[in-house]
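Structure at a glance
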Amino acid sequence: MIGFQIPLPFKKFLFSIFLVTYMFTISGNVLIIMLSSVSQQLNKPMYFFLSNLSVCEILLTTNIVPNMLCLLMVDGVIISVSECFLQFYMFGTSATTECFLLAVMSYDRYLAICSPLHYTSIMNERLCVTLAVIVWTTGFMATVGTIIMMSSLQFCKTNGIDHFFCDREPILSLSCSDTSEIKVEALVFSFCITLWPFIIIVWSYISILRTILKMITSKERYKTFSTCSSHLIVVSMYYGTLIIMYVVPSNNQSFNVNKLLSLDKVVSVVYSVVTPLLNPMIYSLRNKKFQTAVFSSVLRWSIQS
């Protein structure tokens with residue numbers, strides 16, 4: 001695995017940035033999981049799904065970033081074909097799960113804002129657990145078909161992957177078999193995986209916007225919109241990068257070792273490093289209930305100690 005073909009001083013700089021980012025990402029998402037589990041203030045469906053999103057982000061970033069850090073310190077990392085397929089499978093699982101989790105969270109906000117009187121009865125504990133099981137099951141099954149098709153390929157070209165993790169296109173570029181069928185299947189699958197959750201999200205927020213516009217005072221409108229603005233920011237970032245990478249066809253999907261830093265790597269860094277960091281920051285720093293839960297937990301720990 002070749003990784004980043006950039007000067008050594010810049011590699012050291014990126015190593016420091018990515019290491020600190022990874023530490024903050026893990027710490028922030030673990031904090032969300034812990035607070036959602038123990039705090040009575042956060043014992044609500046929104047924070048249940050947010051804790052699931054944090055688990056997904058930890059899985060995504062841990063699958064990619066440690067190997068990326070190694071690539072920034074050495075010229076290349078040796079990885080077996082089976083390990084490469086496993087990394088691609090875990091990436092596909094976490095990415096698919098996050099797509100559907102974001103859709104479920106948007107539906108939760110739709111019910112809370114557009115049907116507040118029925119919210120508690122509809123979004124009960126049983127439905128929350130059922131939705132979480134469906135989302136994670138879909139995620140774990142999502143890339144199985146692609147993995148099976150890729151495992152039948154013959155790899156006889158150069159054994160250097162010009163990327164910092166085993167993504168679909170870098171793997172296919174090493175095969176001397178006909179990969180057109182896999183590429184079509186993967187494109188259709190990626191389109192469906194991103195399209196249906198995206199439709200749910202768009203429909204939810206159109207309904208939410210209509211409800212907000214019907215509110216009488218601007219203060220009430222601002223307060224209501226602020227409860228879902230964090231989710232909207234995360235959705236925009238995540239889906240923007242995924243659509244650029246996997247849904248929009250590109251004739252420039254080359255992984256040439258002569259490139260210093262391709263667009264594919266830059267976009268991959270956004271959804272594998274930046275987005276997992278911003279999720280806990282956006283959801284926690286902008287959320288007063290999270291701030292109160294943190295303060296209460298720290299105060300309770302101080303009194304007990």
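Residues numbered from 1 in each chain as written. Predicted model: local features only at pLDDT ≥ 70, side-chain atom pairs only at ≥ 80, totals over all residues. Heavy atoms only, no water.

Secondary structure summary: the protein chain contains 11 helices and 0 strands in total. Going from the N terminus to the C terminus, the protein chain shows its helices and strands as α-α-α-α-α-α-α-α-α-α-α. For the protein chain, the proportion of its 305 residues judged to be buried stands at 48%. Pairs at least 24 apart in sequence give 80% of the contacts found in the protein chain among residues at least 6 apart. (Helix = DSSP H or I, 4+ residues; strand = E, 2+ residues; numbered from the N terminus. Buried < 20%, exposed > 50% of the residue type's maximum accessible area, 1.4 Å probe, protein only. Contact = heavy atoms within 4.5 Å.)

What follows deals with helix α8 (residues 180-213). Between the first and last C-alpha of α8 there are 48 Å, a value that for 34 residues agrees with the 50 Å anticipated at 1.5 Å per step. Of the positions making up α8, those classed as buried are Ile182, Ala186, Ser190, Ile193, Thr194, Pro197, Ile201, Ser204, Tyr205, Ser207, Ile208 and Ile212. (Expected span 1.5 Å × (residues − 1).)

UniProt annotation of "transmembrane region" (unreviewed entry) refers to residues 13-35, 47-74, 86-107, 127-150, 187-209, 230-248 and 268-285 when read in the numbering used here. Strand forms 0% of residues 13-35 and helix 100%; the C-alpha atoms that close the span are 33 Å apart. Between the end C-alpha atoms of residues 47-74 there is a gap of 40 Å, over a span that is 96% helix and 0% strand. (UniProt positions renumbered as here; feature names shortened; annotations may be inferred.)

Our focus in this paragraph is the pattern of salt bridges. Applying the stated criterion across every chain, the model contains 2 salt bridges. Salt-bridge contacts for Asp108 lead to Arg109; the nearest nitrogen and oxygen are separated by 2.9 Å. We note a salt bridge from Glu169 to Arg168, for which the minimum N-O separation is 3.8 Å. (Salt bridge = Lys/Arg side-chain N within 4 Å of Asp/Glu carboxyl O.)

Attention now goes to the confidence of the model for the protein chain. Chain-level pLDDT for the protein chain is 81 on average; 85% of the residues reach the 70-or-more range. This model gives residues 251-261 a pLDDT under 50, and the stretch forms 20 contacts once residues within four places in sequence are excluded. (pLDDT = per-residue confidence, 0-100.)

Attention shifts here to the state of the cysteines. Scanning the model with the defined rule gives 1 disulfide in all. Through a disulfide, Cys84 is tied to Cys166; the S-S separation comes to 2.0 Å. As the torsion about the S-S bond is roughly -115°, the Cys84-Cys166 disulfide counts as left-handed. Residue Cys84 is found in helix α3 (residues 81-114), and its partner Cys166 is found in the loop between α6 (144-151) and α7 (168-172); the two are separated by 82 residues along the sequence. Accessibility assignment for this pair places Cys84 and Cys166 in one class, buried. Unpaired in terms of disulfides, Cys56 finds its nearest cysteine sulfur in Cys99, a separation of 8.8 Å. (Disulfide = S-S within 2.5 Å.)

Within the secondary structure, Ile212 sits in helix α8. Along the primary structure Ile212 and Tyr222 are separated by 10 residues, whereas in three dimensions their C-alpha atoms are 8.5 Å apart.

Where helix α1 (residues 8-38) contacts helix α2 (residues 45-73), the two axes come as close as 9 Å, and the packing angle between them is 160°. Compared by their axis directions, α1 and α2 come out roughly antiparallel. For the pair α1 and α2, the crossing hand works out as left-handed. Per-class residue counts for the contact of α1 with α2 are 20 nonpolar, 7 polar and 2 charged. (Axes fitted to C-alpha atoms, helices over the stretch in contact; angles between N-to-C directions. Parallel < 35°, antiparallel > 145°, perpendicular 65-115°, else oblique. Left-handed = near helix turned anticlockwise from the far one by under 90°. Nonpolar A, V, L, I, M, F, W, Y, C, P; charged D, E, K, R; others polar.)

Its 31 residues place the ends of α1 45 Å apart at the C-alpha level, agreeing with the 45 Å of an ideal helix rising 1.5 Å per residue. Listing the buried residues of α1 in full gives Lys11, Leu14, Phe18, Thr21, Tyr22, Thr25, Gly28, Asn29, Ile32, Leu35 and Ser36.

As for its placement among the helices and strands, Thr61 is situated in helix α2. Reaching out from Thr61, the side chain makes a polar contact with the backbone oxygen of Ser272 at a distance of 3.5 Å. When near neighbours in sequence (up to four residues on either side) are disregarded, Thr61 contacts Tyr22, Thr25, Ile26, Pro66, Ser272 and Pro276. (Polar contact = N/O pair within 3.5 Å; in protein donor to acceptor, adjacent residues only side chain to side chain.)

Before going further, it helps to spend a moment on the packing of α3 against α6. As a packed pair, α3 and α6 sit with axes 10 Å apart at the nearest point and diverge in direction by 160°. When the interaxial angle is binned, α3 and α6 end up roughly antiparallel. In this structure, the crossing between α3 and α6 has a hand that is right-handed. The residues of α6 that touch α3, namely those facing Phe85, Phe88 and Tyr89, are Val144, Thr146, Ile147, Met150 and Ser151. Class assignment for the residues of the contact of α3 with α6 results in 6 nonpolar, 2 polar and no charged.

Topologically, Asn67 is positioned in helix α2. Residue classification places Asn67 among the buried positions, given a relative accessible area of 18%. Those residues in contact with Asn67 that lie beyond four places of it in its chain are Met1, Val77, Gln87 and Phe164.

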